[in-house]
Amino acid sequence: MAAVVLKDVRKIYSGNTVAVDDFSLRVEDGEFVVLVGPSGCGKSTTLRLIAGLEEVDGGEIHIDGCLANDLPPKDRNIAMVFQNYALYPHMDAYRNMAFGLKLRKYPREKIDDRVREAADILGIRNLLHRKPKELSGGQRQRVALGRAIVRKPKVFLFDEPLSNLDARLRVQMRTELSKLHARLNATMIYVTHDQVEAMTMGDRLVVMQDGRIQQVGAPVHLYRRPANRFVAGFIGSPSMNFLEGELVRDGGMAFRGDGLRLPVPDRHRDSLSGYISRRVILGIRPEHIHYASSARGPAETEDVSAKVDLVEPMGHETLLYLTVGRASCVARVTADPAPAVDSEVRLAFDLSAVHFFDRETEVTLLRDTPE
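Here is a short report on the structure shown in this document. (Residues numbered from 1 in each chain as written. Predicted model: local features only at pLDDT ≥ 70, side-chain atom pairs only at ≥ 80, totals over all residues. Heavy atoms only, no water.)

With that out of the way, let us pick up the packing of aromatic side chains. As enumerated under the stated definition, the model contains seven aromatic pairs in all. Relative to phenylalanine 356, the ring of phenylalanine 255 has its centre 6.4 Å away and its plane inclined at 55°; by these criteria the two rings are tilted. Of this pair, phenylalanine 255 sits in strand β12 (residues 253-257) while phenylalanine 356 sits in strand β20 (residues 355-358), placing them 101 residues apart in sequence. In this structure, phenylalanine 255 and phenylalanine 356 share a single accessibility class: buried. For the cation-ring pair, arginine 229 lies above phenylalanine 242, with the distance from its terminal atom to the ring centre recorded as 4.4 Å. (Phe/Tyr/Trp six-rings, centres within 6.5 Å; stacked < 30°, edge-to-face > 60°. Helix = DSSP H or I, 4+ residues; strand = E, 2+ residues; numbered from the N terminus. Buried < 20%, exposed > 50% of the residue type's maximum accessible area, 1.4 Å probe, protein only. Lys NZ or Arg CZ within 6 Å of the ring centre and 35° of its normal.)

So, about the layout of surface pockets. Taken as a whole, the largest pocket encloses approximately 500 Å³ of empty space. Residue lining of the largest pocket: 21 residues in total, with Met80, Phe82, Arg104, Arg147 and Arg151 positioned closest to the centre. For the lining of the largest pocket, the secondary structure elements donating two or more residues are β6 (78-81), α2 (93-103) and α4 (137-149). The residue makeup of the lining of the largest pocket, split by class, is 15 nonpolar, two polar and four charged. (1 Å grid on protein atoms, 1.4 Å probe; cavity = no way out; pocket = protein on both sides within 12 Å on 5 of 7 lines; lining within 4 Å. Points joined across faces, edges and corners; volume = space filled by probe spheres on them. Nonpolar A, V, L, I, M, F, W, Y, C, P; charged D, E, K, R; others polar.)

Another point: the pairing of strand β19 (residues 344-350). A large share of β19 lies buried, amounting to five of its seven residues. Here strand β15 (residues 289-291) runs beside β19; their pairing, made up of three bridges, is antiparallel. Note on β19: the bridge partner recorded for histidine 290 is alanine 348. Summarising the sheet, strand β16 (residues 301-313) and β19 pair through seven bridges and their orientation is antiparallel. In the sheet register, lysine 307 faces β19, and the bridge partner there is glutamate 344. (Pairing = 2+ DSSP bridges.)

So, about the pattern of salt bridges. As enumerated under the stated definition, the model contains 25 salt bridges in all. Close ionic contact of arginine 125 with aspartate 120 constitutes a salt bridge, the shortest N to O distance being 3.0 Å. Owing to a relative accessible area of 45%, aspartate 120 belongs among the partly exposed residues under this scheme. Linking arginine 267 and glutamate 300 is a salt bridge whose minimum nitrogen-to-oxygen distance equals 3.2 Å. A residue pair is termed long-range when its members are at least 10 positions apart, and arginine 267 in the loop between β13 (260-263) and α9 (269-272) and glutamate 300 in the loop between β15 and β16 qualify at 33 residues. (Salt bridge = Lys/Arg side-chain N within 4 Å of Asp/Glu carboxyl O.)

Structural data, given as structure tokens:
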């Protein structure tokens, strides 16, 4: 396996459309890194640049210590798994997996050993005689993975490989891919727009927007310490609630806006002291809004009244869509009891988990964002 290093990588399409801009990242040997962001953010383009399927317009790409900018894809020793599987319909699973090795003129015995080894890893030994039309979506995906595994590449690249699968199968395949990474100890770079997929699979996440990196870090770190409003809103489901207002001196420091007043925890006051009487954005996640009667633990809380606009029972929990003051919020609460639409509920905001962002730049204002 190998490390992958990108230095100031840039890609511009016709019409001066910047797809990837000033992208610098080091993926360590054996690491599982996920590029995540909304459609059009440049994540798939970045993957294609690493693979050599697109030409770099600036910067450098190094694979296993070698500059790869001018290397054709076949000489980069990478394997790519696509969204559409790209299996040959007239070949059975065995021949699909073996095809790349045959092109490289590997001995027949070596091809057979590698195909059967990969089939055992993926649990598809009994499917090798079937053609793609005789396989389910998950089975076809395993064959596509097997085709990559038999090559024993330095780097695996995945371009939204699970997006064609149903929800249940996606969860299963996420687990299988994580197990595969642990078994192969392979360097893997994975692209997805699904933040749940990213959070559950990656050693590190690279959150992208408009071709640029917004933040890089472990999933839990990005969830707890978002660098800006975009990362805070993208990571986490449902998305973080955002309230606009100003910081005031009111028996201490407080946030006031959208018909709400919330005290600012003491430990944040040094970070926010320069923003008194300035407009800011307060962020709080749905899971940090509870029924006032069920708020528990040592967390600092503030009780507020809210009107219930919509109730979404999820089985083990309930999502409440609310009007709080003049703002709309989502709360993740216990399943029972479920309040009626248009009723009033009393909620507790967990102030130990609030975030504050600059209204203009949208970067975090907290040096001690809650862990």
